[in-house]
Amino acid sequence: MSYVPPGTGWPDDPAAPDTPVAHSPEGVRELAAASRTLGELTARESVCRACPRLVEWREEVATVKRRAFAEETYWGRPVAGWGAEQPRILIVGLAPAAHGGNRTGRIFTGDRSGDWLFASLHRTGLATQETSVHAGDGQRLLGARVMAAVRCAPPGNKPLPEEKAACYPWLQREIALVADSVRVVVALGGYAWQAMWPALKDAGYGLPRSRPPFAHGLEVPVTYGESQVTLLGCYHPSQQNTFTGRVTAAMLDDIFHRAANIAFHKEPNIAK
C-alpha cells in the first residue's frame, strides 16, 4: 500500500473508511461546500484524489521513500489543516513537503522548514513543544492553526496552476469555517500571500481594492464583519532562506510576537 488507508489507526487521522472522496475538481467544490464542520472538512481533504499528477507523486514518494526514512510508513495522502478549531492566528503556507508532511501526516512536520516554524511558535507561546516530528507526538498549537494552499506534496515543490485551482475550495472553506475567531493571518511566502487573497475575499473578508506586493513584515488591515483582522507577510522558513540568512530565528520570532500581540492583545503564556 502506497498510502495509509483512512481509519486504520494513524494518529489524528481525521477520516474514516466511509469518508467521501473527491475524484475531480468538481467533486472538491461539492464536498468542500457541503462541509459544515472542520472535522468534516479535514476528513474530506485528507482523502482527496482530484489531481492525478499529485496523487501519483505523493504515493510514489511514500513507496520509494528517502533512505533516512526507509523503515517508516509514509502517510502518502493530502495533509489537512491542523491546530486550534477556533484560532486567533491563522498561518498559511504553500504545500506539504514530500518527506515532511507527506511522511508524517501533519503540515510543516518532519522537515527543516517545520523545525524552524515550530521552534519559533514555541518560543512565542503559540505551541506547547519546540519540535513537531509526527502526528500524535503530543504537540499542540495554542490559539493558532496552520494550513497549506495546496494539500498534496507537489513534484519540485511546484504545483501546477490547475492543481492550485482544484485545491482552492478546500482552502477557501477552511478559512471560512474559522473566520469568526481569527484576528491575524500570517502568509509564509509570496505564493501563500497570493493564494490566500481570493480565499479571504470569498470567505467574506473585506479587503483593499488591490493586493499589496508581498513583503516580510508587511501588515495589511482588513475586516471580517465588525472585526478588525491583520494580514502579516513572513518570509518562508525554507532551507534556502534559512541557510542564506534571509530568514533568521529572530525574524520569525518578531513576526509571531507581533501576531500574538495583535491577536490576544498580549503574549499568550507558553504551556508548561
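These figures come from a predicted structure and were not determined experimentally. (Residues numbered from 1 in each chain as written. Predicted model: local features only at pLDDT ≥ 70, side-chain atom pairs only at ≥ 80, totals over all residues. Heavy atoms only, no water.)

1. Structural notes on the overall build of the protein
For the protein, the count of helices and strands is nine helices and seven strands. In terms of overall dimensions, the protein is globule-like: its C-alpha atoms have a radius of gyration of 17 Å, near the 19 Å expected for 272 residues. Oriented by its inertia axes, the alpha-carbon framework of the protein measures out at about 45 × 40 × 35 Å. The buried share among the 272 residues of the protein stands at 54%. A sequence separation of at least 24 residues applies to 69% of the contacts in the protein between residues at least 6 apart. Summing over all exposed atoms, the protein offers an accessible surface of approximately 12,000 Å²; the carbon and sulfur share of this is 51%. Computing the positive centroid from 29 side-chain charges and the negative centroid from 27, the protein places the two 4 Å apart. (Helix = DSSP H or I, 4+ residues; strand = E, 2+ residues; numbered from the N terminus. Rg over C-alpha atoms; globule rule 2.2 N^0.38 Å. Buried < 20%, exposed > 50% of the residue type's maximum accessible area, 1.4 Å probe, protein only. Contact = heavy atoms within 4.5 Å. Areas by Shrake-Rupley, 256 points an atom, 1.4 Å probe, with all protein chains shown as cover. Lys, Arg positive; Asp, Glu negative; His and termini not counted. Charge placed at Lys NZ, Arg CZ, Asp CG, Glu CD.)

2. Side note on the packing of helix α1 (residues 25-34) against helix α6 (residues 161-178)
Packed helices, taken two at a time, are described by their axes: the angle between them and the distance between them. It is the contact of α1 with α6, at a shortest axis distance of 7 Å, that shows an interaxial angle of 10°. Classified by the interaxial angle, the pair formed by α1 and α6 is roughly parallel. Along its contact with α1, which presents P25, V28, R29, L31, A32 and A33, the element α6 presents A166, P169, W170 and R173. In terms of residue class, the contact of α1 with α6 is built from eight nonpolar, no polar and two charged. (Axes fitted to C-alpha atoms, helices over the stretch in contact; angles between N-to-C directions. Parallel < 35°, antiparallel > 145°, perpendicular 65-115°, else oblique. Nonpolar A, V, L, I, M, F, W, Y, C, P; charged D, E, K, R; others polar.)

3. Here's the deal with the UniProt feature "domain: Uracil-DNA glycosylase-like" (unreviewed entry) in the protein
Sequence positions flagged by UniProt for "domain: Uracil-DNA glycosylase-like" (unreviewed entry) are, in local numbering, residues 80-256. The distance from the first to the last C-alpha atom of residues 80-256 is 22 Å, and the span holds 34% helix and 19% strand. (UniProt positions renumbered as here; feature names shortened; annotations may be inferred.)

4. Quick look at empty space enclosed by the protein
Here the idea is plain: a probe the size of a water molecule rolls over the atoms and shows the empty space left. Tallied over the full model, the rule gives one cavity of 30 Å³ or more. Considering the residues around the largest cavity, the lining is formed by 16 residues, among which C48, C51, L54, C152 and C167 are closest to the centre. Elements represented by at least two residues in the lining of the largest cavity include exactly α3 (52-64) and α6. Considering each element in turn, the lining of the largest cavity owes the most residues, four residues, to α6. Of the residues that constitute the lining of the largest cavity, the class distribution is 12 nonpolar, no polar and four charged. (1 Å grid on protein atoms, 1.4 Å probe; cavity = no way out; pocket = protein on both sides within 12 Å on 5 of 7 lines; lining within 4 Å. Points joined across faces, edges and corners; volume = space filled by probe spheres on them.)

5. Quick word on the sheet that holds strand β2 (residues 89-93)
Ordered by their spatial adjacency, seven strands build an open sheet running β1-β3-β2-β4-β7-β6-β5, and the pairing between neighbours is mixed. Each edge of the open sheet carries a strand with a single partner, namely β1 (82-83) and β5 (205-206). The pairing of β2 with strand β4 (residues 184-188) spans four bridges and is classified as parallel. Bridge pairing links V92 to A187 in β4. (Pairing = 2+ DSSP bridges.)

6. Notes on the pairing of strand β3 (residues 144-148)
The element β3 is extensively covered by neighbouring structure, given that five of its five residues are classed as buried. Side-chain alternation along β3 places A144, V146 and A148 on one buried face and R145 and M147 on a second face that is also buried. Where β1 lies against β3, two bridges are found, and the strand directions are antiparallel. Bridge pairing links W82 to V146 in β3. Bridge count for β2 against β3 is five bridges, and the pairing is parallel. Bridging from a neighbouring strand, I89 pairs with A144 of β3.

7. Focus: the packing of aromatic side chains
Where two aromatic rings form a pair, the distance of their centres and the angle of their planes describe that pair. In the structure shown here, the tally under the stated rule is six aromatic pairs. Their ring planes at 45° and their centres at 4.9 Å tell us that Y205 and Y224 sit as a pair that is tilted. Within this pair, whereas Y205 is found in strand β5, its partner Y224 is found in strand β6 (residues 219-224), the two being separated by 19 residues in sequence. The pair formed by Y205 and Y224 is uniform in burial state, with each residue classed as buried. Geometrically, the ring pair formed by F214 and Y235 is tilted, given 6.1 Å between the ring centres and 55° between the ring planes. A residue pair is termed long-range when its members are at least 10 positions apart, and F214 in the loop between β5 and β6 and Y235 in the loop between β7 (227-234) and α8 (239-244) qualify at 21 residues. A connected cluster of aromatic rings, assembled from ring pairs, spans W193, W197, F214 and Y235. Its guanidinium or amino end placed over the ring of W82, R106 lies 4.3 Å from that ring's centre, counting from NZ or CZ. (Phe/Tyr/Trp six-rings, centres within 6.5 Å; stacked < 30°, edge-to-face > 60°. Lys NZ or Arg CZ within 6 Å of the ring centre and 35° of its normal.)

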